[in-house]
Amino acid sequence: MKDKQFMFATIALIIGGMLAIQFETTNNPITRDTRDLWELRADLEKEKQRQQELNEELQRYSELLNKYKTEGKDEKIEAMEKALADLKKQAGLTTVSGQGIVMTIEPFNDELIGVDRPLPQIDPDMLRRLVNELNRYDAREISIDGQRIVSKTPIREVNGDIYINNEPISTFPIEIKVLAKNNEKLHQKIIASLAVEEFIREDFLVESAPAEKVILPAFDKEIKVKFMKPAKEET
Amino acid sequence: MWLPVLGLLLGLLLGFMSDIRVPPEYSNYLSIAVLAALDTLFGGIRAHLQGSFEDKVFITGFFFNILLAAGLAYLGVHLGIDLYLAAIFAFGVRLFNNIAVIRRLLISKWSDSRKKA
């Protein structure tokens, strides 16, 4: 009799446990996602606070700048602004002009085109190679069809069109303006370069001519910096 | 008589205290297992009242029914058929039957004792 009671009790215990677990499971299911939401909210809150701090910092610095501007330029500030201007120039963020060379790329023979052969297509690889070769021959600044080439300029093909700095260049002739340390040397070398040969193989006519004054536009897009972080200020 | 009730309460308490939760995809199996367990429990009570209780049958029935129900549900999930409905149906019907029998037995016991008195 006692045995039977114990048996029932044990079974009842197990059933009770199972029932309780089932209850718990259905009433408060495992909340993995909501915890993420909380984390997100906490992060959002943190970011908002950070934004506020940054805004305050920005305000402080602009006040400082105003103060310096009104008080007359400190030497330090002047040097820094000069450095900034230099860096901007180096990065291609300013319009530059000077003696340089102008290259044009166009289909080899216009009259033949459309009759029995299609318009030759420029491959972005060819342009990239040309830019590389120009850089190798000490080109300082390059622009292709009004698009300034900077270190992060993408040259891509999208649906048959060439995009430089995410702007399409489609009309021939393509004009490449180059400023170099030694324009004459660059002109000589680029005409005989492999990159230009590649263009000629693809039915393009490439011409290069030194020019007294070429104007290269500034890079007007935002430069996205992915792998750099500001160094912590030492206090 | 009170020991099984105590066991049930203790089990509930332990289950709630332990804060164990089953992943949602397995809660189906657990619910069927609970049903099977309840069926076995009531079957046991009925057998006890009828005087035909056998502990081996009871214990093996308990575990076997749970495993069978969960296995059927598992098979159903993998075959794409709602086989757990079969388990729910079978156990549900048996549960009602058992409870009805228990009720009748208790009533007859009660009226017997009143007649005696």
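Predicted model, so just to flag it, every value in this text is computed and none were measured.

Undergrad: Tell me about the packing of helix 4 (residues 124-136) of chain A against helix 6 (residues 194-201) of chain A, and please be specific about residues and values.
TA: All names here are of chain A. Taken N-terminus to C-terminus, the directions of helix 4 and helix 6 make an angle of 155 degrees; their axes are 8 Å apart at the nearest point. With respect to helix 6, the axis of helix 4 lies roughly antiparallel. In this structure, the crossing between helix 4 and helix 6 has a hand that is left-handed. Contacts from Met126, Arg129, Leu130 and Glu133 of helix 4 reach helix 6 at Ala195, Glu198 and Phe199. Within the contact of helix 4 with helix 6, the residues separate by chemical class into four nonpolar, no polar and three charged.

Undergrad: Quick one: what's the story with the environment of arginine 46 of chain B, residue by residue and with numbers?
TA: Residue and element names in this part refer to chain B. Its place among the elements puts arginine 46 in helix 2 (residues 27-50). You can call arginine 46 buried: it has 20 C-beta atoms within 10 Å. Between the C-alpha atom of arginine 46 and that of isoleucine 99, which follows or precedes it by 53 residues, the distance is 7.8 Å. Non-local contacts of arginine 46, meaning those with residues more than four positions away in its chain, are made with Asn98, Val101 and Ile102.

Undergrad: Can you tell me about the UniProt feature "transmembrane region" (unreviewed entry) in chain B, naming the residues and giving the values?
TA: Under the present numbering, the feature "transmembrane region" (unreviewed entry) in UniProt falls on residues 28-45, 57-77 and 83-106 of chain B. Here residues 28-45 of chain B is 100% helix and 0% strand, with 26 Å between the C-alpha atoms at its ends.

Undergrad: Please set out the interface of chain B and chain A residue by residue, giving values where relevant.
TA: Contacts between chain B and chain A engage 32 residues on the former and 25 residues on the latter. For the side of chain B that touches chain A, the elements supplying multiple residues, two or more each, are helix 1 (2-18), helix 2 and helix 3 (55-79) of chain B.

Undergrad: Give me the lowdown on the pairing of strand 5 (residues 161-164) of chain A, citing residues and values where you can.
TA: In the case of a regular strand, side chains alternate between the two sheet surfaces. Residue and element names in this part refer to chain A. Where burial is concerned, the two faces of strand 5 differ: the one with Ile162 and Ile164 is buried and the one with Asp161 and Tyr163 is not. Bridge analysis of strand 4 (residues 155-158) against strand 5 gives four bridges, and the strand direction is antiparallel. In the strand pairing of strand 5, glutamate 157 is matched with isoleucine 162. What sits between strand 4 and strand 5 in their antiparallel hairpin is a turn of two residues, with asparagine 159 showing a positive phi close to 50 degrees. Two strands pair when backbone bridges link them, and strand 5 and strand 6 (residues 167-169) are joined in this way by three bridges, in the antiparallel orientation. Counterpart to isoleucine 164 in the pairing with strand 6 is glutamate 167. Connecting strand 5 to the antiparallel partner strand 6 that follows it, the hairpin turn spans two residues, and asparagine 165 within it adopts a positive phi of roughly 50 degrees.

Undergrad: Which residues make up the nonpolar core, and what values do they have?
TA: One broad trend across soluble globular proteins is that nonpolar side chains are buried collectively. Residues Ile15 of chain A together with Ile32, Ala33, Ala37 and Ala69 of chain B are the most contacted members of the largest nonpolar core, which totals 31 residues. Every element with two or more residues in this core is listed here: helix 1 (2-27) of chain A together with helix 1, helix 2, helix 3 and helix 4 (84-116) of chain B. With ten residues, helix 1 of chain A is the single largest residue contributor to this core. Ile105, Val178, Leu179 and Leu216 of chain A belong to the second largest nonpolar core, which has 29 residues in total.

Undergrad: Give me the confidence of the model for chain B: which residues, what numbers.
TA: Averaged over chain B, the pLDDT score is 87; the fraction of residues at 70 or greater is 100%. The ipTM value of the predicted complex is 0.83, and its pTM value is 0.43.

Undergrad: Lay out helix 2 of chain B with the relevant residues and their values.
TA: When the terminal C-alpha atoms of helix 2 of chain B are compared, their 34 Å separation across 24 residues agrees well with the 34 Å that a helix rising 1.5 Å per residue should span. With its phi angle positive at about 80 degrees, glycine 51 of chain B sits one or two positions after the end of helix 2 of chain B.

Undergrad: I'd like to hear about unusual backbone geometry, residue by residue, with values.
TA: Residue and element names in this part refer to chain A. Notably, asparagine 166 is not glycine yet its phi reads approximately 65 degrees, a positive angle. Residue placement: asparagine 166 occurs in the loop between strand 5 and strand 6. With phi around 70 degrees, aspartate 203 is a residue other than glycine that occupies positive phi space. Considering the arrangement of structural elements, one finds aspartate 203 in the loop between helix 6 and strand 8 (204-216).

Undergrad: A description of the sheet that holds strand 4 of chain A should follow, citing residues and the corresponding values.
TA: Residue and element names in this part refer to chain A. Taken in spatial order, the three strands of this open sheet run 4-5-6, and their pairing is antiparallel. Strand pairing shows two members of the sheet lacking a second neighbour, strand 4 and strand 6, which therefore form its edges. In this sheet, neighbouring strand axes are inclined to one another by 40 degrees on average, regardless of whether the strands run parallel or antiparallel. Packed on one face of the sheet, helix 4 meets strand 4 and strand 5 and runs near 170 degrees to strand 4.

About the criteria used
- All residue numbers refer to positions counted from 1 along the written sequence of the respective chain.
- Chain A is the first chain written and ligand 1 is the first ligand written, with later ones labelled in order.
- Predicted model: local features are reported for residues with pLDDT of at least 70 only, side-chain atom pairs are reported and counted for 80 or more only, and whole-chain, interface and lining totals are derived from all residues.
- For helices, the fitted axis covers only the stretch in contact; all axes are lines through C-alpha atoms, and the angles between them, taken along N-to-C directions, range from 0 to 180 degrees.
- Numbering goes from the N terminus for both helices and strands, where a helix is a DSSP run of H or I of at least four residues and a strand is a run of E of at least two.
- Working rule for angles: under 35 degrees goes down as roughly parallel, over 145 as roughly antiparallel, 65 to 115 as roughly perpendicular, anything else as oblique.
- A clockwise turn of the near helix away from the far one marks a right-handed crossing, whereas an anticlockwise turn of less than a right angle marks a left-handed crossing.
- C-beta atoms are placed from the backbone for every residue, and two residues are taken to be in contact when these atoms lie within 7 Å.
- All residues other than Ala, Val, Leu, Ile, Met, Phe, Trp, Tyr, Cys, Pro, Asp, Glu, Lys and Arg, Gly among them, are scored as polar; the first ten of these are nonpolar and the last four charged.
- The burial label depends on the number of other C-beta atoms within 10 Å of a residue's C-beta. Counts of 20 or more mean buried, 12 or fewer mean exposed, and intermediate counts mean partly exposed, with C-beta atoms placed from the backbone.
- UniProt positions are given in the numbering used here, feature names are shortened, and annotations may be inferred rather than shown by experiment.
- DSSP calls a pair of strands paired once it identifies at least 2 bridges connecting them.
- Among buried residues, those of type Ala, Val, Leu, Ile, Met, Phe, Trp, Tyr and Cys that are joined through C-beta atoms within 7 Å form a set called a nonpolar core.
- Think of pLDDT as the predictor's per-residue confidence, scored from 0 to 100.
- Here, expected helix span is obtained from the residue count minus one, scaled by 1.5 Å.

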